[in-house]
Amino acid sequence: MMSQIRLELLEALGELSEQFPEVRLGQLVNNLATLAKGPQVEAIWDVEDKELLEAAKQQLAVFRSRDSAMV
């Protein structure tokens, strides 16, 4: 059975994909790994689902605040 964290991460990835349909999934995951772990070559291998989820939530919060400021 899939963990709750992974389910939330996949949902967040879906939301980010809607925000940026031109960004490939691999790019999106790599960007989140870099946000979570810093600009390290091994970030993509070392990042945990929970860390990716937190990075995705940060990104979504930035976009939501930006969108609400435009209204």
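### Some words on the nonpolar core
In this structure, Leu16, Leu32 and Leu52 are the most contacted members of the largest nonpolar core, which totals 15 residues. When contributions to this core are tallied by element, the ones reaching two or more residues are helix 1 (4–19), helix 2 (25–37) and helix 4 (49–70). Here the element with the most residues in this core is helix 4; it accounts for six residues. Once residues within four sequence positions are removed from consideration, leucine 32 is found in contact with Leu13, Leu16, Leu52, Ala55, Ala56 and Gln59.

### What about the packing of helix 1 against helix 2?
Running from N to C, helix 1 and helix 2 point in directions that differ by 115°, and their axes come no closer than 11 Å. With respect to helix 2, the axis of helix 1 lies roughly perpendicular. Crossing of helix 1 against helix 2: the hand is right-handed. Facing helix 1, whose interface residues are Leu13, Leu16 and Ser17, helix 2 presents Leu28, Val29 and Leu32.

### A few points about a nonpolar patch on the surface
On the surface, Met2, Leu7 and Leu10 cluster together to form a nonpolar patch covering roughly 260 Å² of accessible area. Position of leucine 10 among the secondary structure elements: in helix 1.

Criteria and cut-off values
Residues numbered from 1 in each chain as written. Predicted model: local features only at pLDDT ≥ 70, side-chain atom pairs only at ≥ 80, totals over all residues. Heavy atoms only, no water. Core = buried A, V, L, I, M, F, W, Y, C linked by side-chain atoms within 4.5 Å. Buried < 20%, exposed > 50% of the residue type's maximum accessible area, 1.4 Å probe, protein only. Helix = DSSP H or I, 4+ residues; strand = E, 2+ residues; numbered from the N terminus. Contact = heavy atoms within 4.5 Å. Axes fitted to C-alpha atoms, helices over the stretch in contact; angles between N-to-C directions. Parallel < 35°, antiparallel > 145°, perpendicular 65-115°, else oblique. Left-handed = near helix turned anticlockwise from the far one by under 90°. Patch = residues over 30% accessible without salt bridge, like charges linked within 9 Å, V, L, I, M, F, W, Y side chains within 5 Å. Areas by Shrake-Rupley, 256 points an atom, 1.4 Å probe, with all protein chains shown as cover. Salt bridge = Lys/Arg side-chain N within 4 Å of Asp/Glu carboxyl O.

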